[in-house]
Amino acid sequence: IPTPISPIDSSVVADSFVFAFDIDGVLVRGGRPIPEAIETMKVLDGENEYGMKIPHIFLTNGGGKTEEERCQDLSRQLQREIKPGQFICGHTPMREMAGKYGTVLVVGGEGEKCRHVAEGYGFRDVVTPGDIIKHNAATTPFRKLTPEELANSRDRDFGEVVIDAVFVFADSRDWAGDIQIMLDVAMSQGGRLGTRSEAFDEGPPFYFSHNDVVWSAAHEHVRLGMGALRRMFEITFEDLTGGKGELHTHAFGKPQVSTFEFAERLMQTWRSSEHGISGPPQTVYFVGDTPESDIRGTNAINDVADSDWYSILVKTGVYQDGTEPTYKPRATVSNVLDAVNHGIQREM
Ligand code: G3P
Ligand code: MG
């Protein structure tokens, strides 16, 4: 614990604790910063009564762009620089799957962005729903590619293609078309489009970058998220196959313990490269708004981690004040600034 100095000298760095922040519903809502978020960043950068910088990382289930682009957006929203070395989004851990599969179908996000993210991760052969619709426009009766999508989608002979895995990188912009194509792949003979399996038990695995049924956007009420798309896909598969088929679906993101372990490794690298601190911190304060993702995951990593992962729930997003959260945080506060002050007070 650093010695207090005055008035503000940000040469002191907290070495026993760090913060990790969820983004939507904690720092940002509908693309705009939550009012207390900008002040919070200043406190972390040393504008606190101890003149102490506090190491911190960001862990969101969102995605759809490269980590660099997401950090540029967040830097603009929070009015200070945020670097990819302190940032994890829903699809970041999918990077580790790149070598495992040959051809993958990547679903979600704007235009070609997620294809570029996947290729940047090292996935060798990435197809998109646009490529499939370009090959056979009858795939999605009510979804026509725009001239731009037609130009960007790639020509493939899907008679020759075997889809080895499906990765839902970001929220679908066309649920009907994407669910249709995912079902076609799931019900195919081993990932060959245009075929139908007899037992519906030979489709490739499906990976979702997270499982949030709802999330906190600009609307006053929560909005449907990727977990809802996953449910619709799974239930429709069950209906279409009379419950006899076999589907393999997996989720990354929070609350998966593996995602928090990934965050732990990134956080230690960040503390060491940015702040010159080695070894794990005593306490990681995780600030989130969604009990099912943020609080559940933080409490679960706490059972296995060396550091004490301390969950803090805020009231600016999914969680509604006055309700009983399904997973219990160690503390509940109004907003992200109160969360940081709560952590600092506990430490000092
Ligand atoms: O689509 C993003 C959303 O489900 C959650 O984002 O930042 O609250 O983890 P976040
Ligand atoms: Mg959130």
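Further up the page is the structure itself.
Now for a quick tour of the structure. (Residues numbered from 1 in each chain as written. Chains lettered and ligands numbered in written order. Predicted model: local features only at pLDDT ≥ 70, side-chain atom pairs only at ≥ 80, totals over all residues. Heavy atoms only, no water.)

## With respect to the sheet that holds strand 14 (residues 249–251)
Strand pairs in the sheet, formed through backbone hydrogen bonds, run parallel or antiparallel to each other. Formally: Strand pairing requires that DSSP identify at least two bridges connecting the strands. Here a strand is any run of E in DSSP of at least two residues, a helix any run of H or I of at least four, and the numbering for each starts at the N terminus. Axes here mean lines fitted to C-alpha atoms, for a helix over just the part in contact, with angles spanning 0 to 180 degrees between N-to-C directions.
Spatially, 9-8-10-11-14 is the arrangement adopted by the five strands of the open sheet, whose pairing is parallel. In the strand order of this sheet, the two ends are held by strand 9 (125–127) and strand 14, each with one partner. The average angle at which neighbouring strand axes cross in this sheet is 25°, direction not considered. Where strand 8 (residues 103–107) and strand 9 come together, three bridges link them in parallel fashion. Bridge assignment links T103 to a residue of strand 9, and that residue is D125.

## Quick look at the nonpolar core
Condition: Side-chain atoms within 4.5 Å link the members of a nonpolar core, which is a set of buried Ala, Val, Leu, Ile, Met, Phe, Trp, Tyr and Cys residues. The cut-offs for exposure are 20% and 50% of the maximum accessible area for each residue type, with area from a 1.4 Å probe on protein chains only; residues under the lower value are buried, those over the upper are exposed, and the others partly exposed. Residue contacts follow a heavy-atom distance rule, with two residues in contact if any of their heavy atoms lie within 4.5 Å.
By size, the foremost hydrophobic cluster in this structure holds 34 residues, and its most contacted members are F19, F21, L27 and F58. Taken together, the elements giving at least two residues each to this core come down to strand 2 (17–21), helix 1 (37–44), helix 2 (67–78), strand 15 (283–288), strand 16 (308–314), strand 17 (331–333) and helix 10 (336–347). The element contributing the most residues to this core is helix 10, with five residues. Setting aside residues no more than four positions away along its own chain, F21 makes contact with L27, T40, L44, H56, I57, F58, L59, F286, V287, V336 and V340. Formed by 26 residues, the second largest nonpolar core is a distinct cluster that contains L105, I133, F158 and M182.

## What about the pairing of strand 10 (residues 165–168)?
The criterion, for reference: Seen with the strands pointing away from the viewer, any crossover whose path from the first strand over the helix to the second strand runs clockwise is right-handed.
In strand 10, alternate side chains face the same way, and those of A165 and F167 on one face and V166 and V168 on the other are all buried. Across four bridges, the pairing between strand 8 and strand 10 is parallel. Each residue of the ladder has a partner; that of L105, found in strand 10, is V166. Inspection of the sheet shows strand 10 paired to strand 11 (residues 206–208) by three bridges, in the parallel sense. Bridge pairing in strand 11 places V166 opposite F206. Once the chain exits strand 10 it traverses helix 6 (residues 175–186) before rejoining the sheet at strand 11, and the crossover so formed is right-handed.

## Side note on the site of ligand 1
Filter applied, for reference: Neighbouring residues are identified by heavy atoms, a residue being near a molecule or strand if any of them is within 4 Å of it. Pairs of N or O atoms within 3.5 Å make up the polar contacts considered here, provided that, within protein, one atom can donate a hydrogen while the other can accept it, and that residues adjacent in sequence are counted only when both atoms are side-chain atoms. Throughout, the Shrake-Rupley method with a 1.4 Å probe supplies accessible areas, and for residues the shown protein chains are the sole cover considered.
Lining the immediate environment of ligand 1, one finds D22, I23, D24, T60, N61, G62, D171, H210, D212, W215, K254 and D289. One of the backbone N or O atoms of D24 is found 2.8 Å from an oxygen atom in ligand 1. One nitrogen or oxygen atom from the side chain of D212 is found 2.9 Å from an oxygen atom belonging to ligand 1. Taken by itself ligand 1 offers 310 Å² of open surface, and the protein chains cover 96% of this.

## Here we look at unusual backbone geometry
Geometrically, the link from K254 to P255 is a cis peptide bond, its omega value of 10° lying close to zero. Tracing the backbone shows P255 in the loop between strand 14 and helix 8 (257–275). Non-glycine residue Q79 carries a positive phi angle of around 60°. Of note, Q79 is situated in the loop between helix 2 and strand 7 (87–88). Here Q79 falls in the exposed class, since its relative accessible area comes to 59%. Even without being glycine, F200 reaches a positive phi, approximately 55°. For F200, the position within the fold is in the loop between helix 6 and strand 11.

## Structural notes on the coordination of the magnesium ion (ligand 2)
The condition is simple: Sites may look incomplete, because water is not among the atoms used; the donor set itself consists of N, O and S atoms within 2.8 Å of the metal (3.2 Å for Na, K and Ca).
Protein-derived ligands of the magnesium ion (ligand 2) are D22 (OD), D24 (O) and D289 (OD), with the metal-ligand distances lying across 2.0 to 2.2 Å. Spacing between the donor residues of the magnesium ion (ligand 2) along the chain follows D-x1-D-x264-D. Of this pair, D24 sits in the loop between strand 2 and strand 3 (28–29) while D289 is found in the loop between strand 15 and helix 9 (291–304), placing the two residues 265 residues apart along the sequence.

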